[in-house]
Every structure is written in C-alpha cells, then in structure tokens.
Amino acid sequence: MVNKNLYTTMQITCGQGEIMVLCAMAKKDLTKKQIMIARLQEFTLMDDDFMTRFFENDKDCTQFVLQTILENKKLKVIDTVAQKVVKSLEGRSVRLDVYAKDNKGKPYDIEIQRADKGACAKRARYNSALMDADITVPGEDAKNLPESYVIFITENDIFGKGLPLYHIERTVKECNIPFDDESHIIYVNGKYEGNDPIGDLMHDFHCKKADDMKNKLLAERARYLKEDEKGVKHMCRIMEEERKEAVKEREIQLATELLEKGDLPEERVKELFKLTEKQLKAIKEKVAFLA
C-alpha cells in the first residue's frame, strides 16, 4: 500500500492533454522532480542531452534523419548508440553524440553543436580518424575501410552562406579532382528554414512540443519522451543519473586538485569525497603523471 504521507501524484500539462505521473519519492524531493519535468518540456533536439536520448536505440528515427540529410531513401540503419566512447590509445578519446551503422557497414557520427567552436574543422577530422581506428581490424588491408560520415547539425550557419548543407570532401588541389578516400564531413545549417526536407527537419529539431513537429515519426518519439508516463519517468531517471554523474566528476576534479596541492592528507580526501580505493588509486596515478 502506498503511504500517502510520503508519496503523491503530480499532474503535468503537456501540450493539449494531461498526463498523470506517480512520483515514487518523498515530498521533500518533489520540487526537484517538478524542476526536472519543467526542464524536459523545454528541451528540443538542438539540446544534445535530449537529442542523444531521443535517438538512443531508435533505429527508425536515426534512419529517417540520415536518409533526409544524405538524400538516400534506401539507407538502412542496423544499429545506433548514444554517447559512444571511442578511445584513443595515445591521444584524447571522444564521446560521439549518436553513432550509427548501416547494413553496408558504413559508420555515421551525428553531432549537435550549439557553439560554433564545437564544430571546428579539426574536431571533425579527429572524430573521423578515431571512427576509422575504432573499426580497423589488425592486419586488415586499409583499402577495406568502409565509407564514413561525420555530420554536424549546428545551431548557427557557421559558413554564413544560407545553404541547408555544406559537404566537405578532399580533392587533389592541382587537378581539382576528388581524392576519393570515402571520408565525408557534412554540416547541416540549423538556421535553415527552406520549404524542403532539410528545412522541415530543422523545423522539427527546434520544436519543444510534439504537436508542432511536421514529421510523424519524430513527433511520436518526442511525445513518448515528454508526455507518456513511462517516457517521462525514463527521462527523469536519466536526467537524475546525469546530474549525479556530473556532481561526482566535479568531486573527483576537486579531490585531484587537493591531492596535487597537498592541502589535505590522502585519507582525509578519500573520506571527504567518499572515494573508493579504485577511484583514489586512479586520482593518485593522475597526480603522479601531472607532477
């Protein structure tokens, strides 16, 4: 039996309808829950946190976006992963917003970038290089590398030409002929409002409400995550996990700084930030490396 003194039901208005969300939490935490749901209603697909969860494990929506951008209705997505970490043995690893693979083995990286500097040329180059390294099999001939795509959907028209898409392809400068390395970089202009498929797609990427979206497939996914009881609970749980992860990352950073400066004894730092032996060891190794 639910203890009515500890738990309550909250009514949330979503678009034209209402949904009932059972908040299985103490009343003292209800305000935090309300804040999370209010944040959720303000999200659009231009918010990378929401965008990655929107496309996570949803091959149909990912496939629709890729088919629209690449103008290829035959493209079939067989796998999609949100926040895929691609590690580098020597350099900096990267976390891809949405990583997809089609039925021909071609990998795709879809990135949302609200800040222009986040979509710089060398960021695209680095992502593309690590994607190649990630799928390379030791001893395999390089000629077997699959065609790959890095796609930036940017908040602004970073090239300032008003075009919906900007395709980056290598060429032989002296001859002005394609280099044909099959590594493609595409920038999608988030400001584009044309009356065409890209314009419609960017319109939907900026919508807060599912009812305002033009594409039914994307609208249904947004409606589930923002209005359906299960979808809302799922998103709130993820948002809380991400909040805790961010807090822990900050604590690890502070613990590292304290150990590096020698302001507190090792055991005191471990106790203060509730570090495990494994976390403490990793921090000490990092401090030793930076020394």
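What you see is a predicted model; the values in this text were computed from it and never measured.

Trainee: Any chance you could break down the nonpolar core for me, citing the residues and the numbers?
Mentor: If you look at the biggest cluster of nonpolar residues, it comprises 45 residues, and the most contacted ones within it are F54, F55, I69, I153, V188 and F205. Looking at this core, the element that brings in the most residues is helix α3 (residues 59-70), giving 6 residues. Ranked by size, the runner-up nonpolar core spans 13 residues in total, among them V94, A119, F152 and Y187.

Trainee: Please set out the pattern of salt bridges residue by residue, giving values where relevant.
Mentor: Inspection of every chain in the model, using the stated rule, returns 15 salt bridges. Of the charged contacts in the structure, one is a salt bridge between D58 and R221, with a shortest N-O distance of 3.6 Å. In this pair, D58 sits in the loop between α2 (48-55) and α3 while R221 sits in helix α6 (residues 216-227), placing the two residues 163 residues apart along the sequence. Just as D58 is buried, R221 falls in that class too.

Trainee: Residues and numbers for helix α4 (residues 121-135), please.
Mentor: Taking 1.5 Å per residue as the helical rise, α4 with its 15 residues ought to reach 21 Å, and the 22 Å between its terminal C-alpha atoms agrees with that figure. Among the residues of α4, those classed as buried are A124, N127, S128, L130, M131 and D132. If you follow the buried residues of α4, they end up packed against β3 (77-86), β4 (94-102), β5 (107-113), β6 (148-154) and β10 (183-189).

Trainee: Kindly report on the layout of surface pockets, identifying the contributing residues and their values.
Mentor: Looking at the largest pocket, its volume works out to about 440 Å³. The wall of the largest pocket is formed by 20 residues, among which D49, Q83, R95, E242 and E245 lie closest to the centre. Per element, the largest residue contribution to the lining of the largest pocket is 6 residues, and it comes from helix α7 (residues 229-261). When grouped by side-chain class, the residues that make up the lining of the largest pocket number 3 nonpolar, 5 polar and 12 charged. Within this model, the second largest pocket holds a volume of roughly 360 Å³. Taken together, 17 residues line the second largest pocket, and the ones lying closest to its centre are A121, R125, R170, S183 and I185. Mapped by element, the contributors of at least two residues to the lining of the second largest pocket are α4 and β10.

Trainee: Lay out the pairing of β4 in plain terms, naming residues and giving numbers.
Mentor: Every other side chain in a regular strand lies on the same face of the sheet, so the side chains alternate between the two faces. When you tally the buried positions in β4, you get 7 out of 9 residues, the bulk of the element. Of the strand pairs in this sheet, β3 and β4 are connected by 8 bridges, and their pairing is antiparallel. Bridged to T80 within β4 is A100. As defined by bridge partners, β4 adjoins β5 across 4 bridges and the pair is classed as antiparallel. Among the inter-strand pairings, Y99 is bridged to a residue of β5, identified as D109. Here β4 folds back onto β5, and the loop between the two strands holds 4 residues, one of which, G105, carries a positive phi near 85°.

Calculation criteria
- Residues numbered from 1 in each chain as written.
- Predicted model: local features only at pLDDT ≥ 70, side-chain atom pairs only at ≥ 80, totals over all residues.
- Heavy atoms only, no water.
- Core = buried A, V, L, I, M, F, W, Y, C linked by side-chain atoms within 4.5 Å.
- Buried < 20%, exposed > 50% of the residue type's maximum accessible area, 1.4 Å probe, protein only.
- Helix = DSSP H or I, 4+ residues; strand = E, 2+ residues; numbered from the N terminus.
- Salt bridge = Lys/Arg side-chain N within 4 Å of Asp/Glu carboxyl O.
- Expected span 1.5 Å × (residues − 1).
- Contact = heavy atoms within 4.5 Å.
- 1 Å grid on protein atoms, 1.4 Å probe; cavity = no way out; pocket = protein on both sides within 12 Å on 5 of 7 lines; lining within 4 Å.
- Points joined across faces, edges and corners; volume = space filled by probe spheres on them.
- Nonpolar A, V, L, I, M, F, W, Y, C, P; charged D, E, K, R; others polar.
- Pairing = 2+ DSSP bridges.

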